[in-house]
Amino acid sequence: MQEWRSEYFPQKDTIELRLYNTIESDSWWEESETSAKHIADMLAENPNAAEIKIYINSLGGSVMEGVAIYNQLKRHKAHKTVYVDGFACSIASVIAMAGDTVIMPKSSVMMIHNAWTIVLGNSEQLRKAADDLDVTNQASIQAYLDRAGDKLTPEKLKEMLDAETYLTAEQCIEYGLADTYSDGTDADPQEDSQASAP
């Protein structure tokens, strides 16, 4: 049985995209439904779509593929709404930053961290690999900061990336990485009740 990792359904002027597995490139023998090429083909088939709905439940995957998907979505003129259906971890959280609106159920989770790699070589090659990772990290850092605006400082973001931080929906809204809960509220229910108390 074929495992579908993402799907899209053109509905008039709306595209629905589901990223429900590892973000990965095409292999020699199979096209990945979560590759940047596959997403690019979908968007090219719907250049006049007014709305793109992106549903995410992914632990992450390829930084190269994910950054390309993020930039493709940002470039498309449609309004993008991201729904974090479960987990948006690692590079999947960067893709989520492409949303004009990011919606998270209170039971969903986002995880952010620094890029990592596996490398073999001498001391100079290892130092260069570390320097290269610092450059790679800048792509994700910029995506987070652009989305968060003044709700998240570069210093706080670095602290969270270094610690490999798991974030609740409430924290994501606090830091500007999400906008609202899936029930349409965007504030702490306890704060609401306190604010309405006589």
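Here the structure is a predicted model, which is why all the values come from computation and not from measurement.

(A) Up close: the overall build of the protein. Each helix and strand counted, the protein has seven helices and seven strands in total. Secondary structure of the protein in N-to-C order comes out as β-α-β-α-β-α-β-β-α-α-β-α-β-α. Classification of the 198 residues of the protein by burial places 44% in the buried group. For the protein, long-range pairs separated by at least 24 residues make up 66% of all intrachain contacts whose partners lie at least 6 apart in sequence.

(B) Up close: the layout of surface pockets. The volume enclosed by the largest pocket comes to roughly 170 Å³. Lining the largest pocket are 13 residues, and of these Gly61, Val63, Ser90, Ile91 and His113 lie nearest its centre. For the lining of the largest pocket, the elements supplying multiple residues, two or more each, are helix H3 (91-96) and helix H4 (123-148). Element by element, the count of residues in the lining of the largest pocket is highest for H4, at three residues. Counted by class, the lining of the largest pocket contains seven nonpolar, six polar and no charged residues.

(C) Just a nonpolar patch on the surface, in detail. A surface patch of nonpolar side chains, about 340 Å² in accessible area, is lined by Leu59, Phe87 and Tyr166. Among the structural elements, Tyr166 can be located in strand S6 (residues 165-168). Residue Tyr166 is classed as partly exposed on the basis of its relative accessible area, which comes to 48%.

(D) Seen up close, the confidence of the model for the protein. Overall, the predicted model of the protein reaches an average pLDDT of 85, with 83% of residues at or above 70. Of all the helices and strands in the protein, helix H7 (residues 189-196) carries the lowest mean pLDDT, 42, while S6 carries the highest, 98. Under a pLDDT of 50 for its full length, residues 1-5 has, in the predicted model, 12 contacts with residues more than four places off or in other chains. Segment residues 189-198 is flagged for pLDDT under 50; beyond a separation of four residues in sequence, or across chains, it makes two contacts in the model.

(E) Layout of the environment of Glu159. Within the element layout of this structure, Glu159 appears in helix H5 (residues 154-162). Separated by 46 residues in sequence, Glu159 and His113 place their C-alpha atoms 9.6 Å apart. A distance of 3.2 Å separates polar atoms of two side chains, one belonging to Glu159 and the other to Lys156.

(F) View of the nonpolar core. Ranked by internal contacts, the top residues of the largest apolar core, which has 48 residues, are Ile56, Met110 and Leu177. Discounting chain neighbours no more than four positions away, the residues touching Leu177 are Met97, Val102, Met110, Tyr144, Arg147, Ala148, Leu152, Leu167 and Cys172.

(G) Up close: helix H1 (residues 36-45). Of the residues making up H1, those classed as buried are Ala36, His38, Ile39, Met42 and Leu43. Down the axis of H1, the smallest arc covering the buried residues is 165 degrees, so these residues share one side. Projecting away from the buried face of H1 at angles above 90 degrees are the exposed residues Ala44 and Glu45. Along its buried surface, H1 packs onto strand S1 (14-19), strand S2 (51-58) and helix H2 (63-75).

Rules behind the numbers
Residues numbered from 1 in each chain as written. Predicted model: local features only at pLDDT ≥ 70, side-chain atom pairs only at ≥ 80, totals over all residues. Heavy atoms only, no water. Helix = DSSP H or I, 4+ residues; strand = E, 2+ residues; numbered from the N terminus. Buried < 20%, exposed > 50% of the residue type's maximum accessible area, 1.4 Å probe, protein only. Contact = heavy atoms within 4.5 Å. 1 Å grid on protein atoms, 1.4 Å probe; cavity = no way out; pocket = protein on both sides within 12 Å on 5 of 7 lines; lining within 4 Å. Points joined across faces, edges and corners; volume = space filled by probe spheres on them. Nonpolar A, V, L, I, M, F, W, Y, C, P; charged D, E, K, R; others polar. Patch = residues over 30% accessible without salt bridge, like charges linked within 9 Å, V, L, I, M, F, W, Y side chains within 5 Å. Areas by Shrake-Rupley, 256 points an atom, 1.4 Å probe, with all protein chains shown as cover. Salt bridge = Lys/Arg side-chain N within 4 Å of Asp/Glu carboxyl O. pLDDT = per-residue confidence, 0-100. Polar contact = N/O pair within 3.5 Å; in protein donor to acceptor, adjacent residues only side chain to side chain. Core = buried A, V, L, I, M, F, W, Y, C linked by side-chain atoms within 4.5 Å. Arc of directions from axis to C-beta.

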